[in-house]
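Working through the structure, step by step
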Amino acid sequence: VPPSAPFLSSLYPRLEFQNDFYRSCIRRSSPQPPPNLAWRPESLYSGERAGGGYLSLSKVVPFSHYAGTLLLLLAGVACLRGIGRWTNPQYRQFITILEATHRNQSSENKRQLANYNFDFRSWPVDFHWEEPSSRKESRGGPSRRGVALLRPEPLHRGTADTLLNRVKKLPCQITSYLVAHTLGRRMLYPGSVYLLQKALMPVLLQGQARLVEECNGRRAKLLACDGNEIDTMFVDRRGTAQPQGQKLVICCEGNAGFYEVGCISTPLEAGYSVLGWNHPGFAGSTGVPFPQNEANAMDVVVQFAIHRLGFQPQDIIIYAWSIGGFTATWAAMSYPDVSAVILDASFDDLVPLALKVMPDSWRGLVTRTVRQHLNLNNAEQLCRYLGPVLLIRRTKDEIITTTVPEDIMSNRGNDLLLKLLQHRYPRVMAEEGLQVVRQWLEASSQLEEASIYSRWEVEEDWCLSVLRSYQAEHGPDFPWSVGEDMSADGRRQLALFLARKHLHNFEATHCTPLPAQNFQMPWHL
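Summary of the structure given here. As the structure is a prediction and not an experimental result, all values here were calculated from the model. Residue numbers run consecutively from 1 along every chain, following the written order of its sequence. A pLDDT threshold of at least 70 governs which residues receive local features in this predicted model, and a stricter bar of 80 or more applies before side-chain atom pairs are shown or counted, although totals over entire chains, interfaces and linings include all residues. The basis for the side-chain values is all heavy atoms of the structure; hydrogens and waters are excluded.

What follows deals with the packing of helix 17 (residues 431–442) against helix 18 (residues 446–455). Every axis corresponds to a line fitted to the C-alpha atoms, with the helix fit spanning only the stretch in contact, and the corresponding angles, defined between N-to-C directions, vary from 0 to 180 degrees. Numbering of helices and strands runs from the N terminus, with a helix taken as a DSSP run of H or I at least four residues long and a strand as a DSSP run of E at least two residues long. With their axes 8 Å apart at the nearest point, helix 17 and helix 18 run at an angle of 155° to one another. Of the possible angle classes, the one that applies to helix 17 and helix 18 is roughly antiparallel. Contacts between helix 17 and helix 18 involve Gln439, Trp440 and Glu442 from the former and Glu448, Glu449, Ile452 and Arg455 from the latter. Taken together, the residues of the contact of helix 17 with helix 18 sort by class into two nonpolar, one polar and four charged. If an angle is under 35 degrees, it is roughly parallel; if it is over 145, roughly antiparallel; if it lies from 65 to 115, roughly perpendicular; otherwise it is oblique. In what follows, residue pairs with any heavy atoms lying within 4.5 Å of each other are defined as contacts. All amino acids are sorted into three groups, where Ala, Val, Leu, Ile, Met, Phe, Trp, Tyr, Cys and Pro are nonpolar, Asp, Glu, Lys and Arg are charged, and the leftover types, Gly among them, are polar.

Pasting the structure below:
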């Protein structure tokens with residue numbers, strides 16, 4: 001007969017598992033009644049008492065207590081914040097001005113509202129993409145799906161687009177979509193990353209205050225056709241004595257640039273009227289910076305400049321730095337009457353630069369992803385523009401070179417120049433002209449450039465007379481057939497002359513601010 005349980009507990013008070021063992025032995029030795037097969041509600045919780053369940057009242061009740069306490073704390077914090085705001089006379093004054101601005105967007109209300117820094121989502125919309133009367137009457141304007149973009153050609157021509165081929169392409173398309181909307185977009189536009197914006201917020205607020213207080217800048221919210229709200233800043237110099245103040249420079253920032261601290265400072269120092277804007281998803285602008293959204297934002301910015309600010313297209317200059325060349329070339333292609341285009345540290349196509357930073361084994365995936373979702377085809381768009389163009393090449397650029405910064409021939413700005421000249425002057429940029437321009441692009445200093453220029457004895461007066469006579473006879477539309485019946489030396493001279501007029505070198509790295517003296521208007525006949 002086993003000893004009693006109390007006796008064992010007195011001998012081994014800490015070994016409770018032995019106590020349980022002997023109890024089970026006693027229960028097995030005693031006769032058991034037949035099991036009761038009737039269902040009882042408390043049997044649902046028997047597993048919990050035995051330790052084999054997942055949910056019990058003993059666990060749910062403390063959790064509900066914690067959740068209720070947290071909700072009460074949050075409600076208390078919200079009430080305290082509301083009471084603090086209501087008792088603050090400055091905040092009540094701000095709310096009064098904000099509500100008055102929503103009712104009447106007068107210049108005085110906007111001026112008073114600009115003295116406060118608050119969440120830009122509460123800022124009233126100043127300009128709508130459908131506001132111009134010409135947009136409402138015409139059917140060729142942008143729809144809510146977006147403005148028109150140049151679509152890439154299919155990778156495999158001549159293949160039938162059957163259902164089987166679509167099914168085969170589906171896994172690749174899904175992979176490209178996921179890469180573009182996760183890793184690709186954030187690598188291409190790091191300024192849209194929330195953490196980076198949070199780190200830069202003090203600097204952005206300081207730059208915004210400087211533009212408003214020192215330059216009399218006017219902030220405005222524009223509503224694009226895709227529903228994104230675009231944050232803009234306009235500095236008006238038309239009332240000054242400087243003649244360049246009559247011209248408006250629309251600035252397109254880089255992939256981590258904001259108008260508060262970006263390339264807007266260069267034309268401001270040069271005395272121009274300036275309109276800056278932030279990419280979708282940057283600072284006060286909403287959305288994500290995909291090419292379609294970028295073009296939609298640029299479209300409403302140009303419409304705002306023409307129909308609200310009162311600038312004629314002939315008085316508008318498009319200025320872009322780095323990746324901003326995509327929206328700048330799109331605007332030049334879509335608004336061919338703009339005065340000029342200036343591209344600083346920009347490139348011709350995104351694919352070579354994307355392949356540079358990704359593994360070689362990903363070549364097919366990278367090319368497909370860029371072409372389908374992130375197609376920044378700057379050169380293709382620029383060739384659709386017929387006006388004056390100036391390219392600024394950074395001789396120590398470390399971003400848009402495909403090898404090392406010292407290899408100046410790997411700078412994709414060279415390819416942008418060559419594609420532009422080959423499109424506009426195909427006869428001049430034949431074999432001889434293309435070769436001599438490549439030699440000139442290899443020069444890494446002004447002395448080397450001058451030596452190559454003088455080696456071929458370029459006569460600028462003769463080049464100007466040839467181009468002007470052709471323009472007078474055939475008109476300004478490109479491409480030109482000038483140089484068709486010209487000697488090889490004549491084509492070399494013309495090619496060097498045109499290259500020097502369309503591209504200026506700036507000895508600096510990619511992110512060095514462009515000095516005001518280097519901000520020059522493009523050459524034109």
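Right, picking up where we left off after that structure.
Once that is clear, we can look at the sheet that holds strand 1 (residues 127–128). Only when DSSP finds a minimum of two bridges between them are two strands counted as paired. Ordered in space as 1-2-3-5-4-6-7-8-9, the nine strands form an open sheet in which the pairing is mixed. What marks the edges here is a single partner per strand, and that holds for strand 1 and strand 9 (503–506). This element, helix 12 (residues 325–334), spans strand 4 (248–252), strand 5 (273–277), strand 6 (316–321) and strand 7 (340–344) of the sheet and lies at about 155° to strand 6. On the sheet, helix 20 (residues 488–502) packs against strand 8 (389–394) and strand 9 and is oriented at approximately 55° with respect to strand 9.

Let us look at the environment of Tyr335. Its place among the elements puts Tyr335 in the loop between helix 12 and strand 7. On a C-alpha basis, the gap between Tyr335 and Asp299 in space is 9.2 Å, while along the polypeptide they are 36 residues apart. Within the structure, the side chain of Tyr335 is placed 2.6 Å from the side chain of Asp299, a separation counted as a polar contact. Any pair of nitrogen or oxygen atoms within 3.5 Å is treated as a polar contact; in protein, a donor-acceptor pairing is required on top of that, and neighbouring residues in sequence qualify only through side-chain atoms on both sides.

Only one rule defines a salt bridge in this text: a Lys or Arg side-chain nitrogen within 4 Å of an Asp or Glu carboxyl oxygen. Under the criterion given, the structure shown has 16 salt bridges. The salt bridge partner of Lys110 is Asp126, with a shortest N-O separation of 1.7 Å. Here Asp126 lies in the loop between helix 6 (107–113) and strand 1 and Lys110 lies in helix 6, a separation of 16 residues in the sequence. Lys247 is the salt-bridge partner of Asp315, the closest N and O atoms lying 3.6 Å from each other. Of this pair, Asp315 sits in the loop between helix 11 (291–307) and strand 6 while Lys247 is found in the loop between strand 3 (229–235) and strand 4, placing the two residues 68 residues apart along the sequence. In this structure, a network of salt bridges that share partners links the residues Asp348, Arg412, Asp415 and Lys419.

Before going further, it helps to examine the layout of surface pockets. Taken as a whole, the largest pocket encloses approximately 930 Å³ of empty space. Cavity: a set of points on a 1 Å grid over the protein atoms alone where a 1.4 Å probe fits but cannot get out. Pocket: an open set with protein on both sides within 12 Å along at least five of seven lines, its lining residues, like those of a cavity, having an atom within 4 Å of a point. Taken together, 45 residues line the largest pocket, and the ones lying closest to its centre are Met187, Leu188, Asn255, Ser322 and Ile399. Of all the elements in the fold, those that place two or more residues in the lining of the largest pocket are helix 8 (163–188), helix 9 (194–213), helix 10 (265–269), strand 6, helix 13 (350–357) and helix 14 (363–373). Looking at the lining of the largest pocket residue by residue, the classes come out as 30 nonpolar, ten polar and five charged. Two domains each put at least three residues into the lining of the largest pocket: domain 1 (127–135 + 166–376) and domain 2 (390–524). Grid points are joined across faces, edges and corners, and a volume is the space filled by probe spheres set on the points. Domain segmentation is taken from an automatic or database assignment of domains.

Here the focus is the packing of aromatic side chains. Ring pairs shown here join Phe, Tyr and Trp side chains whose ring centres sit within 6.5 Å, with only the six-membered ring taken for Trp; geometry is labelled stacked below 30 degrees between planes, edge-to-face above 60, and tilted in between. Under the defined criterion, the tally for this structure stands at 17 aromatic pairs. Ring geometry for Tyr189 and Phe282: centres 6.4 Å apart, planes at 85°, overall edge-to-face. You can see Tyr189 sitting in the loop between helix 8 and helix 9 and its partner Phe282 sitting in the loop between strand 5 and helix 11, a full 93 residues away along the chain. Taken as a pair, Tyr189 and Phe282 share a single burial class, namely buried. Aromatic pair Phe234 and Phe311: ring centres 6.1 Å apart, planes at 80°, arrangement edge-to-face. One end of the pair, Phe234, is in strand 3; the other, Phe311, is in the loop between helix 11 and strand 6, with 77 residues separating them in the sequence. Judged by its relative accessible area of 2%, Phe234 is buried. Under the relative-accessibility criterion, Phe311 is labelled buried at 2%. Three or more aromatic residues link up through ring pairs in this structure, and these residues are Tyr91, Phe94, Tyr116, Phe118, Phe120 and Trp123. Only protein chains enter the calculation, and the probe is 1.4 Å; a residue is then buried if its accessible area is under 20% of its type maximum, exposed if over 50%, and partly exposed in between.

Going from Phe478 to Pro479, the amide bond is cis rather than trans, its omega being 5°. Tracing the backbone through its elements, the reader meets Pro479 in the loop between helix 19 (460–474) and helix 20. Of note in the backbone geometry, Ser322 takes a positive phi value of approximately 60° without being a glycine. Of the residues examined, Ser322 reaches a relative accessible area of 7% and is grouped as buried. Of note, the phi angle at Ala345 is positive, near 55°, even though the residue is not glycine. Mapping Ala345 onto the fold places it in the loop between strand 7 and helix 13. Taking relative accessible area as the criterion, Ala345 reaches 1% and is therefore assigned buried.

Here we come to the packing of helix 16 (residues 412–424) against helix 17. Packed helix pairs are characterised by how far apart their axes lie and by the angle those axes make with each other. Helix 17 packs onto helix 16 with a crossing angle of 155° between their chain directions and a minimal axis gap of 11 Å. Between helix 16 and helix 17, the angle is such that the two are roughly antiparallel. At the point where helix 16 passes helix 17, the crossing takes the right-handed sense. For the pair helix 16 and helix 17, contact is made by Asn414, Leu417, Leu418 and Gln422 and by Leu434, Val437, Arg438, Trp440 and Leu441, respectively. The residue makeup of the contact of helix 16 with helix 17, split by class, is six nonpolar, two polar and one charged. Take the far helix as your reference; a near helix turned counterclockwise from it by less than a right angle gives a left-handed crossing, and one turned clockwise gives a right-handed crossing.

Moving on: empty space enclosed by the protein. Inspection of the entire model under this criterion finds two cavities of 30 Å³ or more. Taken as a whole, the largest cavity spans an internal volume of roughly 50 Å³. Lining the largest cavity, in full, are Leu343, Ser346, Leu391, Ile392, Arg393, Gly413, Leu416 and Leu503. For the lining of the largest cavity, the secondary structure elements donating two or more residues are strand 8 and helix 16.

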